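Structure at a glance
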Amino acid sequence: MSLDIGIASYENPGELVATLDALRKRTSGEWRCLVVDSNSQDPSVRQILDRAALEDSRIIPHYLDYNAGYSGAMNIFFDWAESEYIAYCDNDARVITPRWNTYLEQKLNDHPEISMIFPIGHGTGSAYPIKRDGWTEVLWGVGCFWMLRRSEQQKVGYFDTSLGHQDEVDFQTRVRMAGGRMAVNSEVQIHHNATATRTPEA
């Protein structure tokens, strides 16, 4: 099964290198990654992305001439994605678990009631876990790393670009209101530096 992975990119070149490296080493099967860069002013960001694309054709940079913000970049990714399941990774999140995508995909395959699924890890969290039969439901999960049924995104629409923060929680709430459910899978671990969250200028 092929998988489309999105990254919303802006500045942060050192973290971006580590994020791409982790995805390349630990994602299995057929996949491609669209990196939507919102007009980063640091020239090394484009250099990193161009080099990554040359080394691995599965990495596809998309350069904007304006800053679309996190939500705007996500919406561009939604328009581009074609796979049955779509995944997202922040530009400062590193997946630790080898073959991480197979674990998340399997949960979605086994439990059609799940619309969106999250890993666990340092710098991540989830709200109100409830044990279900073979899976753990949550009210919401953090937006730095997740997998979603593309059909669910098409049903609820795009991220709300008028929000300044917690855009993904708003999106997840709309998924739940449409009848979808959120899950967390402890088999998959990530490390998230949350650099934008911790930087007031961001």
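These lines cover the structure that appears in this document, whether it is placed above or below. Remember, predicted model here, so these are calculated numbers, not experimental data.

Our focus in this paragraph is the overall build of the protein chain. A tally of helices and strands in the protein chain yields seven helices and twelve strands. For 202 residues, the compact-globule formula gives about 17 Å, and the C-alpha radius of gyration of the protein chain, at 16 Å, lands near that figure. Along the first, second and third principal axes, the C-alpha atoms of the protein chain reach 50 × 35 × 30 Å. Relative to its full complement of 202 residues, the protein chain shows a buried share of 51%.

The next thing to look at is unusual backbone geometry. Even without a glycine there, the phi angle at Glu11 is positive, about 55 degrees. Mapped onto the elements, Glu11 comes out in the loop between strand 1 (3–9) and helix 1 (13–26). Judged by its relative accessible area of 19%, Glu11 falls in the buried class.

What follows concerns the side chain of Glu152. On the secondary structure map, Glu152 appears in helix 5 (residues 150–156). Glu152 sits in the buried class, given a relative accessible area of 8%. A polar atom in the side chain of Glu152 sits 3.2 Å from the side chain of Ser115.

The buried fraction of strand 11 (residues 145–149) amounts to five of the five residues, a majority that puts the element mostly inside the structure. Neither face of strand 11 is left uncovered, since the one carrying Phe145, Met147 and Arg149 and the one carrying Trp146 and Leu148 both have all their residues buried. By the bridge criterion, five bridges tie strand 4 (residues 85–89) to strand 11 in an arrangement that is antiparallel. Bridged to Ala87 within strand 11 is Met147.

A few words now on the packing of helix 1 against helix 2 (residues 43–55). Two numbers describe a pair of packed helices, the interaxial angle and the distance between the axes. Between helix 1 and helix 2, whose axes approach to 9 Å, the crossing angle comes to 15 degrees. Compared by their axis directions, helix 1 and helix 2 come out roughly parallel. The handedness of the crossing between helix 1 and helix 2 comes out as right-handed. Along its contact with helix 1, which presents Pro13, Leu16, Val17, Leu20 and Arg24, the element helix 2 presents Ser44, Val45, Ile48, Leu49, Ala52 and Glu55. Of the residues belonging to the contact of helix 1 with helix 2, the class tally is eight nonpolar, one polar and two charged.

So, about the state of the cysteines. Taken as a whole and judged by the stated rule, the model has zero disulfides. Here Cys89 stays unpaired: no disulfide links it, and the sulfur of Cys33, its closest cysteine neighbor, is 7.6 Å away. Take Cys144: it sits in no disulfide, and the sulfur closest to it among the cysteines is that of Cys89, at 7.7 Å. Residue classification places Cys144 among the buried residues on the basis of a relative accessible area of 3%.

Attention now goes to a nonpolar patch on the surface. Taken together, the side chains of Tyr128, Leu139 and Trp140 make up a nonpolar region of the molecular surface, amounting to roughly 320 Å² of accessible area. Checked against the element boundaries, Trp140 lands in strand 10 (residues 140–141). Relative accessible area serves as the criterion here: at 31%, Trp140 is assigned to the partly exposed category.

The next point concerns the environment of Tyr158. Assignment of secondary structure puts Tyr158 in the loop between helix 5 and helix 6 (167–177). Apart from the residues lying within four places of it in its own chain, the contact partners of Tyr158 are Asn75, Phe78, Asp79, Gln153, Phe171 and Arg174. For Tyr158, the side chain forms a polar contact with the side chain of Asp79, separated by 2.4 Å.

Rules behind the numbers
- What you see as residue numbers is a count from 1 along each chain, following the sequence as written.
- Residues qualify for local features only when their pLDDT is at least 70, as the model is predicted, and side-chain atom pairs are given and counted only at 80 or more; totals for whole chains, interfaces and linings, by contrast, use all residues.
- The side-chain quantities take in all heavy atoms of the structure and omit both hydrogens and water.
- Numbered from the N terminus, helices here are DSSP runs of H or I no shorter than four residues, and strands are runs of E no shorter than two.
- Every radius of gyration here is taken over C-alpha atoms, with the globule rule written as 2.2 Å times N^0.38, N being the number of residues.
- Note on exposure labels: buried denotes an accessible area under 20% of the residue type's maximum, exposed denotes more than 50%, and partly exposed covers the range between, all computed with a 1.4 Å probe on protein chains only.
- In protein, a polar contact requires one atom able to donate a hydrogen and another able to accept it; more generally it is a pair of N or O atoms within 3.5 Å, and residues adjacent in sequence count only if both atoms are side-chain atoms.
- Pairs of strands are assigned from DSSP output, requiring at least two bridges between the strands.
- Only the contacting stretch of a helix is used when fitting its axis, a line to C-alpha atoms as for every element, and angles between N-to-C directions run 0 to 180 degrees.
- Every angle not falling under 35 degrees, over 145, or within 65 to 115 is termed oblique; those three ranges are roughly parallel, roughly antiparallel and roughly perpendicular.
- Two helices crossing with the near one rotated counterclockwise from the far one by less than a right angle form a left-handed crossing, whereas a clockwise rotation gives a right-handed crossing.
- In what follows, a contact means two residues having at least one pair of non-hydrogen atoms within 4.5 Å.
- Asp, Glu, Lys and Arg are counted as charged, while Ala, Val, Leu, Ile, Met, Phe, Trp, Tyr, Cys and Pro are counted as nonpolar; the rest, among them Gly, fall into the polar class.
- Two cysteine sulfurs form what is called a disulfide whenever their separation falls within 2.5 Å.
- To count toward a patch, a residue needs a relative accessible area above 30% and no salt bridge. Like charges then connect within 9 Å, nonpolar side chains (Val, Leu, Ile, Met, Phe, Trp, Tyr) within 5 Å.
- Exposure was quantified through the Shrake-Rupley algorithm and a 1.4 Å probe, taking into account, for residues, occlusion by the shown protein chains and nothing else.
- A pair is scored as a salt bridge if a Lys or Arg side-chain nitrogen falls within 4 Å of a carboxyl oxygen belonging to Asp or Glu.

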